[in-house]
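Chain by chain, the residues:
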Number of protein chains: 2
Amino acid sequence: MTQPILHGVPLSPYVRKVRVALAEKGIDYESVPVMPFGPNPEYLAISPLGKIPCYQEGDFTLPDSSCILPYLEKTHPSPALYPSDAKEYARALWYEEYADSKLASICTVPFFQRFVQVKFMGQEADEAAVQKALTEEAPPAFDYLEKELAGREYLAGGQFSVADIATASFFVNMAFGGETVDAGRWPKLADYLERIHGRPSYKAIIEGEKAGLAG
Amino acid sequence: MTQPILHGVPLSPYVRKVRVALAEKGIDYESVPVMPFGPNPEYLAISPLGKIPCYQEGDFTLPDSSCILPYLEKTHPSPALYPSDAKEYARALWYEEYADSKLASICTVPFFQRFVQVKFMGQEADEAAVQKALTEEAPPAFDYLEKELAGREYLAGGQFSVADIATASFFVNMAFGGETVDAGRWPKLADYLERIHGRPSYKAIIEGEKAGLAG
């Protein structure tokens with residue numbers, strides 16, 4: 001098989017989803033650190049929306065994390081990252097959707113404002129936007145996850161799945177933005193994130209990203 | 001089995017995706033016409049983002065079309081609405097994502113401005129927004145679909161799939177907004193849409209919606 005290529009910078013929560021899945025499944029790949037801003041025409045030819053990540057095997061390209069993970073599951077079924085039970089499988093997809101849309105709009109704000117805006121845009125961080133995300137938007141979302149985690153080690157199917165990969169990914173960016181989940185207010189969520197981020201796959205990826213940020 | 005309930009008004013392109021899948025698979029269901037604006041707390045309990053559709057079987061709820069269709073595929077595998085080949089399966093998911101994000105932001109504009117704004121918001125249609133969608137945003141997206149349809153009857157796997165269900169759904173709203181694809185400029189896309197909208201499942205649903213609009 002051609003060595004797969006993963007296009008996209010590691011700090012993207014969507015790229016990280018794919019990297020964790022590739023690590024869990026033990027798939028080797030080449031990484032091309034495409035930035036999410038101002039895609040060039042060459043990149044648009046393989047990723048029509050200009051988004052990262054884009055996964056490539058020769059001529060075959062998949063320009064969205066929510067299509068790449070199901071593909072990897074079909075081609076490399078073990079270990080399974082999707083529950084086999086129909087309801088739990090669908091619930092896993094739902095948590096992925098919730099993370100990709102709702103958590104994305106909350107957890108990435110501190111990172112975007114304090115890091116991307118400052119380092120790449122040459123602008124000051126909009127701390128009002130950060131505080132709005134943390135004090136107005138985060139609490140109902142974190143309450144929801146806290147409730148969903150009641151009596152559960154993983155979000156769906158009693159196993160590590162795409163639901164956990166996606167959910168935990170956005171909280172990595174929140175941490176890189178200098179914010180963590182208040183363990184007093186959301187103890188199950190805080191404990192869950194520590195557990196997921198502590199898995200060998202996640203741990204190595206987070207440490208690599210930290211080293212990149214420090215360098 | 002409990003009779004499933006589908007929450008959401010038929011005119012939503014996302015609700016329509018599920019209705020077409022249910023029709024193709026011959027699944028009976030009860031329809032509850034929840035509107036997408038101002039969800040009440042009861043509805044938020046089953047659909048945390050307040051979005052439609054939400055699919056319900058007893059206590060089990062799925063609040064997103066992109067989770068409902070995979071669930072229906074697991075519980076009612078025949079006829080298959082996802083290709084079995086891994087690459088074609090992933091491509092089908094990608095076209096669904098492209099439709100749900102890109103086509104959504106283009107094809108629903110005429111309908112939203114000329115129908116929803118006027119009928120439900122008591123406001124005038126913003127024709128400048130309609131023209132911007134049609135003349136600036138639509139052409140590159142329609143060019144992309146025209147290219148993808150070259151030599152293909154269906155978007156993925158040589159079969160009717162979720163890719164076609166999603167893509168065609170947004171063009172129903174475009175038609176309800178008084179606009180159709182220029183068959184001179186995008187002949188493959190226009191022909192494809194006529195074919196997909198002409199399937200018994202799609203045809204009955206579109207005619208039912210038309211009757212509702214006229215009523």
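Reading guide: rules and limits
Numbering of residues starts from 1 in every chain and runs along the sequence as written. Think of it this way: whatever chain is written first is A, whatever ligand is written first is 1, and the rest follow in order. Note on the predicted model: pLDDT of at least 70 is required for a residue's local features to be given, and 80 or more for side-chain atom pairs to be given and counted; whole-chain, interface and lining totals, by contrast, use all residues. Values reported for side chains reflect all heavy atoms of the structure, with hydrogen atoms and water molecules removed beforehand. Contact definition: two residues touch when any of their heavy atoms are within 4.5 Å. Once two parts are put together, the accessible area they lose, assessed with a 1.4 Å probe and summed over both, is termed the buried area. Salt bridges are counted wherever a side-chain nitrogen of Lys or Arg sits within 4 Å of a carboxyl oxygen of Asp or Glu. A 3.5 Å cut-off defines polar contacts: any pair of N or O atoms within that distance qualifies, except that in protein one atom must be a possible hydrogen donor and the other a possible acceptor, and neighbouring residues in sequence count only when both atoms are side-chain atoms. Exposure categories follow from relative accessible area, calculated using a 1.4 Å probe and restricted to protein chains: below 20% of the type maximum is buried, above 50% is exposed, and the middle band is partly exposed. Under the DSSP-based scheme used, a helix requires at least four consecutive residues in state H or I and a strand at least two consecutive residues in state E, with every element numbered from the N terminus. When DSSP finds at least two bridges between two strands, those strands are taken to pair. A least-squares superposition brings the copies together, and it is based on the C-alpha atoms of residues with pLDDT no lower than 70 in both. In these notes, a set of buried Ala, Val, Leu, Ile, Met, Phe, Trp, Tyr and Cys residues joined through side-chain atoms within 4.5 Å is what counts as a nonpolar core. For helices, the fitted axis covers only the stretch in contact; all axes are lines through C-alpha atoms, and the angles between them, taken along N-to-C directions, range from 0 to 180 degrees. The cut-offs work like this: below 35 degrees is roughly parallel, past 145 is roughly antiparallel, 65 to 115 is roughly perpendicular, and the gaps in between are oblique. When residues are sorted by character, Ala, Val, Leu, Ile, Met, Phe, Trp, Tyr, Cys and Pro go into the nonpolar class, Asp, Glu, Lys and Arg into the charged class, and all the rest, Gly among them, into the polar class. Here the limits of each domain have been adopted from an automatic or database domain assignment.

Let us now look at the interface of chain A and chain B. Counting residues at the interface gives 26 residues for chain A and 26 residues for chain B. Between chain A and chain B the total buried area reaches about 2,300 Å² when both faces are included, carbon and sulfur atoms providing 80% of it. When residues of chain A are sorted by the area they lose upon contact with chain B, A:Leu49, A:Lys87 and A:Trp94 head the list and together hold 24% of the total. Here B:Glu57 makes a salt bridge to A:Lys87, at a shortest N to O gap of 3.6 Å. Our count for the chain A to chain B interface comes out at two residue pairs in polar contact (both at pLDDT 80 or more).

As a general feature of sheets, a regular strand has side chains that alternate between the two faces. Residue and element names in this part refer to chain A. Across the two faces of strand β3 (residues 54-57) the burial is the same, with Cys54 and Gln56 and Tyr55 and Glu57 all buried. Bridging between strand β1 (residues 5-7) and β3 involves three bridges; their strand directions are antiparallel. Of the residues in β3, the one forming a bridge with leucine 6 is tyrosine 55. Between β3 and strand β4 (residues 60-62), which pair antiparallel and follow one another directly, the connecting turn spans two residues, one of which, glycine 58, has a positive phi of 60°.

To continue, consider the environment of B:Ala92. Residue and element names in this part refer to chain B. With respect to the secondary-structure elements, alanine 92 resides in helix α4 (residues 86-107). It is 25 Å that separates the C-alpha atoms of alanine 92 and aspartate 28, two residues lying 64 residues apart in sequence. Setting aside anything within four residues of it in sequence, one finds alanine 92 in contact with Pro83, Ala156, Ser161, Val162 and Ala163.

Turning to the relation of the copies chain A and chain B, a few remarks are in order. Once turned by 180° and shifted 0.0 Å along the axis, chain A lies on chain B with an RMSD of 0.0 Å. Between the two chains, the operation in question is that of a two-fold axis. Proximity to the rotation axis, assessed at the C-alpha, singles out A:Ser66 in chain A; its C-alpha lies 5.1 Å from the axis. Looking at chain A, 100% of its interface residues are interface residues in chain B too, so the copies touch through the same face.

Glancing now at the nonpolar core. Among the nonpolar cores identified, the biggest contains 139 residues, and A:Phe142, A:Phe171, A:Leu189, B:Phe142, B:Phe171 and B:Leu189 are the most heavily contacted of them. Filtering out sequence-adjacent residues up to four positions away, B:Phe142 remains in contact with B:Cys107, B:Phe171, B:Met174, B:Val181, B:Trp186 and B:Leu189.

Helix packing geometry: the angle between the two helix axes and the distance between the axes. Residues and elements named next belong to chain A. It is at 10 Å that the axes of helix α7 (residues 162-176) and helix α8 (residues 187-197) come closest, and there the two elements cross at 100°. Regarding the angle of α7 to α8, the classification is roughly perpendicular. Touching Ala163, Asp164, Thr167, Ala168, Phe171 and Val172 of α7 are Leu189, Tyr192, Leu193, Ile196 and His197, all from α8. Taken together, the residues of the contact of α7 with α8 sort by class into eight nonpolar, two polar and one charged.

All names here are of chain A. Evaluation of the coordinates by the stated rule reveals 26 salt bridges over all chains. Residue lysine 25 is joined to glutamate 73 by a salt bridge in which the shortest nitrogen-to-oxygen separation is 2.8 Å. Of the two residues, lysine 25 sits in the loop between α1 (13-24) and β2 (30-32) while glutamate 73 sits in helix α3 (residues 65-75), which places them 48 residues apart along the sequence. Looking at glutamate 73, the relative accessible area reads 14%, which means it is buried. With a shortest N-O distance of 2.9 Å, lysine 132 and glutamate 137 are connected by a salt bridge. By relative accessible area, lysine 132 is classed as partly exposed at 41%. What makes glutamate 137 partly exposed here is its relative accessible area of 27%.

The next subject is the sheet that holds strand β4 (residues 60-62) of chain B. Paired through backbone hydrogen bonds, the strands of a sheet run either parallel or antiparallel to each other. Pairing is mixed in the open sheet, where four strands are placed in the order β2-β1-β3-β4 (chain B). The sheet is open, and its two borders are formed by β2 (30-32) and β4 of chain B, each paired with just one other strand. In this sheet, neighbouring strand axes are inclined to one another by 20° on average, regardless of whether the strands run parallel or antiparallel. Together, β3 (54-57) and β4 of chain B form the strand contacts of helix α4 (residues 86-107) of chain A, whose direction differs from that of β4(B) by roughly 40°. Contacts from helix α3 (residues 65-75) of chain B reach β3 and β4 of chain B, with the element oriented near 40° to β3(B).

Moving on, we come to helix α5 (residues 109-119) of chain B. Of the residues making up α5(B), those classed as buried are B:Val109, B:Pro110, B:Phe111, B:Gln113, B:Phe115, B:Val116 and B:Gln117. In this fold, the buried residues of α5(B) make contact with α4, α6 (127-148), α7 (162-176) and α9 (200-214) of chain B.

Turning to the sheet that holds β1(A), a few remarks are in order. All names here are of chain A. As summarised here, the arrangement of the four strands in space is β2-β1-β3-β4, forming an open sheet in which the pairing is mixed. Every interior strand has two partners, whereas the edge strands, β2 and β4, have only one. Between one strand and the next, the sheet's axes are offset by a mean angle of 20°, whatever the strand orientation. Pairing geometry for β3 and β4, over three bridges, is antiparallel. The partner of glutamine 56 across the bridge, within β4, is threonine 61. Packed onto the sheet, α1 meets β1 and β3 and runs at close to 160° relative to β1. Contacts between α3 and the sheet are confined to β3 and β4, with β3 contributing the most and set at about 40° to the helix.

A few words now on the domain arrangement of chain A. Residues and elements named next belong to chain A. What the domain assignment lists for chain A is domain 1 (5-75) and domain 2 (86-214). Facing 16 residues of domain 1, the contacting portion of domain 2 comprises 24 residues. Between domain 1 and domain 2 lies a buried interface of about 1,600 Å² when both sides are counted; carbon and sulfur atoms form 67% of it. For the interface between domain 1 and domain 2, the tally reads five salt bridges.

Residue and element names in this part refer to chain A. On the secondary structure map, tyrosine 192 appears in helix α8. For tyrosine 192 and tyrosine 55, which are 137 residues apart along the polypeptide, the C-alpha to C-alpha distance reads 29 Å. Apart from the residues within four sequence positions on either side, tyrosine 192 is in contact with Leu149, Glu153, Tyr154, Leu155, Ala163, Asp164 and Thr167.

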